[in-house]
Amino acid sequence: MNRSLLDTGGQALVISQFTLAADWRKGNRPGFSDGAGFEAAENLWRYFCECLSGEGVDAVMGRFRSHLRIHLINDGPVTIWMDTADR
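Residues numbered from 1 in each chain as written. Predicted model: local features only at pLDDT ≥ 70, side-chain atom pairs only at ≥ 80, totals over all residues. Heavy atoms only, no water.

*Asks:* Where do I start with the pattern of salt bridges in this structure?
*Replies:* When charged atoms on two side chains of opposite charge get close, those side chains can pair. With the rule as written, the count across this model stands at one salt bridge. In this structure, the salt-bridge partner of Arg-46 is Glu-42, at a minimum N-O distance of 3.1 Å. On the criterion of helical spacing, the pair formed by Arg-46 and Glu-42 is a turn pair, its members being four residues apart in helix 2 (residues 38-54). Under the relative-accessibility criterion, Glu-42 is labelled partly exposed at 25%. (Salt bridge = Lys/Arg side-chain N within 4 Å of Asp/Glu carboxyl O. Helix = DSSP H or I, 4+ residues; strand = E, 2+ residues; numbered from the N terminus. Buried < 20%, exposed > 50% of the residue type's maximum accessible area, 1.4 Å probe, protein only.)

So, in structure tokens, the structure goes:
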């Protein structure tokens, strides 16, 4: 956990996923009204990938706004669940 992708020679698989902006505070159905519009979201996604590449990280991009099926082996010491609920 103390080494970066540059240290390990790893790659970043960058996939757009609108559900990251989901709001769950009003029950079991997610709300997406706070998410960016398609054009702004794609620009931010591309900018993020350019920033990674600018730092020397090999960034592999999925296709924006398309259905992707990813097969992944999570080979690392931990998986971190990010919960933004107010406590």
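*Asks:* For this particular structure, what's the right way to read the confidence of the model for the protein?
*Replies:* Residues shown with low pLDDT carry predicted positions that ought not to be read at fine detail. Mean pLDDT over the protein works out to 80, with 83% of the residues at or above the 70 mark. Looking over the protein, one finds the lowest element-wise mean pLDDT in strand 1 (residues 11-14), namely 85, and the highest in helix 2, namely 90. (pLDDT = per-residue confidence, 0-100.)

*Asks:* Can you walk me through the packing of aromatic side chains in this structure?
*Replies:* Remark: the centre distance and the inter-plane angle together describe each pair of aromatic rings, the angle taken between the planes. For the structure on display, the rule yields one aromatic pair. When the ring of Trp-45 is compared with that of Phe-64, the centres are 5.4 Å apart and the planes differ by 45°; the resulting orientation is tilted. Of this pair, Trp-45 sits in helix 2 while Phe-64 sits in the segment after strand 2 (58-61), placing them 19 residues apart in sequence. We classify Trp-45 as buried; its relative accessible area is 8%. The ring of Phe-38 is capped by Arg-65, whose NZ or CZ atom sits 3.7 Å from the centre of that ring. (Phe/Tyr/Trp six-rings, centres within 6.5 Å; stacked < 30°, edge-to-face > 60°. Lys NZ or Arg CZ within 6 Å of the ring centre and 35° of its normal.)

*Asks:* Is there a simple way to think about the state of the cysteines in this case?
*Replies:* Here, the word disulfide means a covalent bond between the sulfur atoms of two cysteines. In this structure the tally under the stated criterion is zero disulfides. For the unlinked cysteine Cys-49, the closest cysteine sulfur is that of Cys-51, found at 9.2 Å. (Disulfide = S-S within 2.5 Å.)

*Asks:* What is the right way to look at a nonpolar patch on the surface in this model?
*Replies:* On the surface, Leu-13, Ile-15, Val-60, Ile-70 and Leu-72 cluster together to form a nonpolar patch covering roughly 440 Å² of accessible area. Assignment of secondary structure puts Leu-72 in the segment after strand 2. (Patch = residues over 30% accessible without salt bridge, like charges linked within 9 Å, V, L, I, M, F, W, Y side chains within 5 Å. Areas by Shrake-Rupley, 256 points an atom, 1.4 Å probe, with all protein chains shown as cover.)

*Asks:* Can you walk me through the nonpolar core in this structure?
*Replies:* One broad trend across soluble globular proteins is that nonpolar side chains are buried collectively. Counting eight residues, the largest nonpolar core is built from Ala-12, Val-14, Trp-45, Cys-49, Leu-52, Val-57, Ala-59 and Phe-64. Among the elements of the structure, strand 1 and helix 2 are those that each provide at least two residues to this core. A total of three residues in this core trace back to one element, the largest contributor, which is helix 2. When near neighbours in sequence (up to four residues on either side) are disregarded, Ala-59 contacts Ala-12, Val-14, Cys-49, Leu-52 and Ser-53. (Core = buried A, V, L, I, M, F, W, Y, C linked by side-chain atoms within 4.5 Å. Contact = heavy atoms within 4.5 Å.)

*Asks:* How should I be thinking about the environment of Ala-22 in this particular structure?
*Replies:* Its place among the elements puts Ala-22 in the loop between strand 1 and helix 2. Dropping the residues within four chain positions of it, Ala-22 is found in contact with Pro-30, Gly-31 and Phe-32.

*Asks:* It is not clear to me how the pairing of strand 1 should be interpreted in this structure. Could you clarify?
*Replies:* Each regular strand carries side chains that alternate between the two faces of the sheet. Alternating residues of strand 1 divide into Ala-12 and Val-14, all buried, and Gln-11 and Leu-13, none buried. The sheet contact formed by strand 1 and strand 2 spans four bridges and is parallel. Considered in strand 2, the bridge of Leu-13 is made with Val-60. (Pairing = 2+ DSSP bridges.)

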